[in-house]
Amino acid sequence: TTGVMTISNLAQATSSAIVDIADASGDRSCGGLTNCNTHFSSEASAAGGKGSWNAATNSLTLYVVRAIASGEVVKISFTLTNPSVGQFAPTISIACVGATSTMATVVMTQDAGNKAALAVAGFNSSLVFQSDQSQSALNTITVSFTPFTTFSI
């Protein structure tokens, strides 16, 4: 029996049904590492290096096709398309169910600021209003907004 790892709440992202898995630098050959994309497949019986995208649940399913040893560090990367509107980084989680063990769902630690996964530039809120609607009056226009990501100068 093959284990299944799921990375969930990749909110509003899109992808093709089959997702290429690479090492953390994006190298599909994994730079000679033995522990990156060879662990996972998009199907239980398929060769490694792929994952399965579920658009309905915004999650990536990875069938574990090679055992992962206790304490082994596995780093992978995959490409998704960001949402078309801004958003704060979602709370992304990971879980694994195997033939002999189950790992409880864990919330993943996000990187900070604009490096957080799926933090997309845009505005959480925006408002514009005026001080006077009278003809020929001086009118102060006030704009208020809250960005989803840090706006750097």
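Quick caveat, the model's predicted, so the values are computed rather than measured.

(A) Spatial organisation of the nonpolar core. Judged by nonpolar contacts, the single largest core of 15 residues is most densely connected at M5, L10, W53, L60 and L62. Going through the elements one at a time, strand 1 (3–8) and strand 5 (59–64) are the ones with two or more residues in this core. The greatest single-element share of this core, amounting to three residues, is contributed by strand 5. Setting aside anything within four residues of it in sequence, one finds M5 in contact with F40, L60, T61, L62, V64, I68, I94, A95 and C96.

(B) The arrangement of the side chain of S42 in detail. The topology assignment puts S42 in the loop between strand 3 (40–41) and strand 4 (50–54). Judged by relative accessible area, which is 10%, S42 ranks as buried. What S42 contacts, discounting residues up to four positions off in sequence, is I18, K50, G51, S52 and Y63.

(C) Focus on a nonpolar patch on the surface. Together, F123, V128, I141, V143 and F145 line one region of the surface with nonpolar side chains, adding up to about 540 Å² of accessible area. Of all elements in the fold, only strand 8 (123–130) and strand 9 (141–147) reach the threshold of two or more residues within the nonpolar patch. At three residues, strand 9 tops the list of elements feeding residues into the nonpolar patch. Examined against the element boundaries, V143 turns out to sit in strand 9.

(D) Fine view of the layout of surface pockets. The volume enclosed by the largest pocket comes to roughly 1,100 Å³. Lining of the largest pocket is provided by 38 residues; of these, M5, I7, I76, I94 and M108 occupy positions nearest its centre. Residue composition of the lining of the largest pocket, grouped by class: 24 nonpolar, eleven polar and three charged.

(E) Main features of the side chain of T149. Examined against the element boundaries, T149 turns out to sit in the segment after strand 9. Excluding anything up to four places from it in sequence, T149 contacts N114, A119, V120 and A121.

(F) View of the packing of aromatic side chains. Counted by the stated rule, this structure contains two aromatic pairs. Both rings, one in F88 and one in F148, keep their centres 4.8 Å apart while their planes meet at 75 degrees; by these two values the pair is edge-to-face. A residue pair is termed long-range when its members are at least 10 positions apart, and F88 in the loop between strand 5 and strand 6 (93–97) and F148 in the segment after strand 9 qualify at 60 residues. On the basis of relative accessible area, F88 is assigned to the partly exposed category, the value being 44%. On the basis of relative accessible area, F148 is assigned to the buried category, the value being 16%.

About the cut-offs
Residue positions are given per chain, counted from 1 along the sequence in the order it is written. Note on the predicted model: pLDDT of at least 70 is required for a residue's local features to be given, and 80 or more for side-chain atom pairs to be given and counted; whole-chain, interface and lining totals, by contrast, use all residues. As a convention, hydrogens and water are excluded, and side-chain values are obtained from all of the structure's heavy atoms. Among the buried residues, those of types Ala, Val, Leu, Ile, Met, Phe, Trp, Tyr and Cys that are joined through side-chain atoms within 4.5 Å form a nonpolar core. Residue exposure (1.4 Å probe, protein chains only): buried if accessible area is under 20% of the type maximum, exposed if over 50%, otherwise partly exposed. In DSSP terms, a helix is any run of H or I states spanning at least four residues, a strand is any run of E spanning at least two, and both are numbered starting from the N terminus. Only heavy atoms matter for contacts: two residues are in contact if any of them lie within 4.5 Å across the pair. Residues with no salt bridge and a relative accessible area higher than 30% make up the patches, which join like charges within 9 Å and nonpolar side chains (Val, Leu, Ile, Met, Phe, Trp, Tyr) within 5 Å. Accessibility throughout is a Shrake-Rupley quantity obtained with a 1.4 Å probe, and a residue counts as covered only by protein chains that appear here. For this document, the term salt bridge refers to a Lys or Arg side-chain nitrogen within 4 Å of an Asp or Glu carboxyl oxygen. Cavity and pocket criteria rest on a 1 Å grid covering protein atoms alone: a 1.4 Å probe that fits but cannot get out defines a cavity, protein on both sides within 12 Å along at least 5 of 7 lines defines an open pocket, and an atom within 4 Å of a point defines a lining residue. Grid points are joined across faces, edges and corners, and a volume is the space filled by probe spheres set on the points. For this classification, Asp, Glu, Lys and Arg are treated as charged, while Ala, Val, Leu, Ile, Met, Phe, Trp, Tyr, Cys and Pro are nonpolar and the rest, including Gly, are polar. Between the rings of Phe, Tyr and Trp (Trp by its six-membered ring), a pair exists once the centres lie within 6.5 Å; its type follows the angle of the planes, with under 30 degrees stacked, over 60 edge-to-face, and the other angles tilted.

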